[in-house]
Every structure is written in C-alpha cells, then in structure tokens.
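# Examining the three-dimensional arrangement
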Amino acid sequence: MSLAAEPSMDLPIIDLDIFLSSDPSSPEVQSECAKAASALITYGALILHDSRVNADDNEAFLDLLEDYFAQPASVLRADERPELNYQVGVTLENTEKPKCAVDEPCLAVIERLAPSERPLDIAGHQPDPKCRFFWRMGERPPYQTQFPGLNSPNVVPAIDGIKERWTPIMETWGNAMKSAVSALAEMAAIGMGLPAATFSDAGRYGPHALAPTASDLRKYGAPSTILAGFHTDLNFLTIHGRSRYPGLHIWARNSGRRIAVSMPSGPYLLVQAGKQLEHLTGGLVKAGFHEVVVSEATARAIAARREAAPDRPLVRISSTLFWHLSSDYDLVPVPALVRRAQEVRAEALARGWDEGEEGVYVGMKVGEQVQK
C-alpha cells in the first residue's frame, strides 16, 4: 500500500451546538440526531462540531504530554501499574500489541479490502512502538462494582514541573471531550429511535479514560513506520482532539476506503464507534478500524515542527478519550436495533459489499467484555 496519495476526509459533520441549544423535539434537533446515527451506521465515524471546545486547552494538553514523555523510561516506569493490567498510569513502548495480527476475523477484514485500501502489512508485526497514559475520567459508582480493577485510582506523575500542571490540565481537556461525546451518545440514541438517555445512562459510571498515546518521532519517524497497528477499540465511543502530527487512518464501513484523518480548523473533534456500541446495537453500528503510521504528511509535519519549535520534544501525542459503558451494565443487544442491523447487512450484500460472517453478540457484563 502506498501512502503517497491518500483520500481526503469526507465524513459527515455533526453540529452539537444545535442539540445543546434547541428543544430536543424540534425538527432541527431531530434531523441532526438522525444524521449522527446515520453517520455512525454508515461510516463508523463522524466529525463533531462543539463550539465549547477551546483549542488552547488542547494545546496545553499536548505540551504537557510532550514534556512528560520526553523523560527517560527509567523515570516514567515509576508510573507503571502492570498489576492493574496498565488500566491506569503509563504503558511504555513495545508493550501494547495489535490484536489484529493474530485475530482471524480481523485478518479476514483486511483480506476483503481492496489491495490499495489495506493497512500497512501487520503480518509478524511486533508490539507497537508507542507509549500510553491512562487517566480515569469516570464517576465512581455508588455501588460495589464487580470490576474494581477497571475503576482504579489515578496515578499522578511525581516529576517536578509536571506534577503541578498534571491534574488541572488533564481534567480540563478530558472533561471537554467527555462532555462532547456524552452529548453525542444522546444524539445517537435519539437518531436510532431510542430514549435520549439510553446510552448516556448506561455509561454514567463507565470507566472513561483520557488515553493519549506518545510516539517518539526521533526514533520512529521513518516513513511507513507503524505506530499503532490496525485495530478497533473496545469501548463505546472514542473521541479525538487535534494532534500536531497526521498519521491516523480510519476505514469507512460502507466502502472499505482508507481515509487519512484531517480535521477542519476550529472546534472540531473526531468520533469513532467502538466494540461496545457494536455489541449493544447488534451490529447495526460497526466498530471502526484504524491505524497510526508515519505518512508523507507526518514527515512534512515533523520537518515543520523542527523548524518552528526546535527546542520542543519531537513526540506525536494523540489527544484521545475512551468513553465506556458502566462495567456492571448488562451488554445485551437492543432487539429493535438487531432487526435494523439485519436490514443494513442485507442492503450491503445487495450492493455487492461483503461484510463477512454475521456477528454474534452474546449477552455479558461490560466488564467481562473489556477483560476478554
């Protein structure tokens, strides 16, 4: 696959301002909610406009994480929590492995893609050369959860110059994205013909996590380097703020096209469907596949950053939040959505688009789904 000519973004833009400022029963809100649901069903992703988003908050977040991950691994290791399966704190590079490399259904997805639309070859791919930090953004449940490991306390780095900035910046930017994606969950529910609070209530006590990744572009900046292998996310919805370096590719469900993410300027966020949303809708919405690689656009951004900010760390930070359903929630497909999922699948087959074997969505607790 060549990264030289990448297709431009053509995802629907959903205006959250309409939903937040108007009567939920108004035609304008109903239309925008239907558009949001359709975007998730058709593409598995959308662009969200939210005028409350402050670009300076994202910039402060990126600066903080660049400074943090510029520290030696020996310093960062103090923030690891392997005994909690890295569900909080830092995960160092070459730890996370893309499941798709050994997952037959995922490999079958790649096989069905046109050769020009496939991800970079992951056969024999080693663990991702990225680091990550998990910062919990969830409301602690007022009951005894069956999954305490998924609701562990946060880790605050002890590094001078960083620890003082850490919590305020993480909470400010994390809450901005959490608020946006929570409202989108309500829009999606309305658009699918469900009560507005169906998804947001199910996720009220979810172990949401601000989960930035960090890739050292001094070490891993060569063209076509895989920073995060082809995969989907386990959670309900994933929301991304703007990164300083391109390289995120997503795959549109309706066409199998590989799309290089490039958000419009202004208060926009990218949202992708995760496995919990796929499960709850019985496959009406499919979790979105994506990868992060060093593309030609990444290389240009690296060169520009070196010139504009030569004293700053050369680290690609992803501005990412995972929005989860509550760990103790019963993850059972909604019958009305299962019927619609079957209709959408039949329509895709009629168009000649093969989605492979029909998904099987066995009822379970959300915490069990995550632990699998």
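For the structure given in this document, a descriptive report is provided here. (Residues numbered from 1 in each chain as written. Predicted model: local features only at pLDDT ≥ 70, side-chain atom pairs only at ≥ 80, totals over all residues. Heavy atoms only, no water.)

### Overview of unusual backbone geometry
Residues other than glycine predominantly adopt negative phi, and peptide bonds predominantly adopt the trans conformation. In the Ramachandran plot, N85 falls in the positive-phi region, its phi being about 55 degrees despite a non-glycine side chain. With respect to the helices and strands, N85 occurs in the loop between α4 (73-76) and β3 (89-91). We classify N85 as exposed; its relative accessible area is 59%. Even without a glycine there, the phi angle at N94 is positive, about 65 degrees. With respect to the helices and strands, the residue N94 is situated in the loop between β3 and α5 (104-112). Under the relative-accessibility criterion, N94 is labelled partly exposed at 41%. (Helix = DSSP H or I, 4+ residues; strand = E, 2+ residues; numbered from the N terminus. Buried < 20%, exposed > 50% of the residue type's maximum accessible area, 1.4 Å probe, protein only.)

### Re the nonpolar core
One finds F69 and F199 to be the most contacted residues of the largest nonpolar core, which totals 71 residues. Of the residues forming this core, the biggest block, 14 residues, is contributed by helix α6 (residues 163-191). Each residue touching F199, except ones within four places of it in the same chain, is listed here: A185, A188, A189, M192, L194, F236, L277, L280, W323 and L325. Counting residues in each nonpolar core, the second largest holds 21 residues, with I250, V292, A301 and L314 among its members. (Core = buried A, V, L, I, M, F, W, Y, C linked by side-chain atoms within 4.5 Å. Contact = heavy atoms within 4.5 Å.)

### Regarding the environment of V29
Mapped onto the elements of the fold, V29 is located in helix α2 (residues 27-42). Dropping the residues within four chain positions of it, V29 is found in contact with I18, F19, S22, D23 and P24.

### Observations regarding the pairing of strand β2 (residues 45-49)
β2 sits mainly inside the fold: five of its five residues count as buried. The alternating pattern of β2 places A45, I47 and H49 and L46 and L48 on opposite faces, both of which are buried. Judged from the three bridges that link them, strand β1 (residues 13-15) and β2 form a sheet pairing that is parallel. Of the residues in β2, the one forming a bridge with I14 is L48. Bridging between β2 and strand β11 (residues 268-273) involves five bridges; their strand directions are antiparallel. (Pairing = 2+ DSSP bridges.)

### Re the pattern of salt bridges
A complete count under the given rule lists 20 salt bridges for this structure. E96 is paired through a salt bridge with K130; the nearest N and O atoms lie 2.8 Å apart. Here E96, found in the loop between β3 and α5, pairs with K130, found in the loop between α5 and β4 (131-136); they are 34 residues apart in sequence, far enough to count as distant. The buried category is assigned to K130, whose relative accessible area is 6%. A salt bridge links K275 to E278, with the nearest nitrogen and oxygen atoms 3.6 Å apart. (Salt bridge = Lys/Arg side-chain N within 4 Å of Asp/Glu carboxyl O.)

All quantities given are derived from atomic positions and should not be read as evidence of function.
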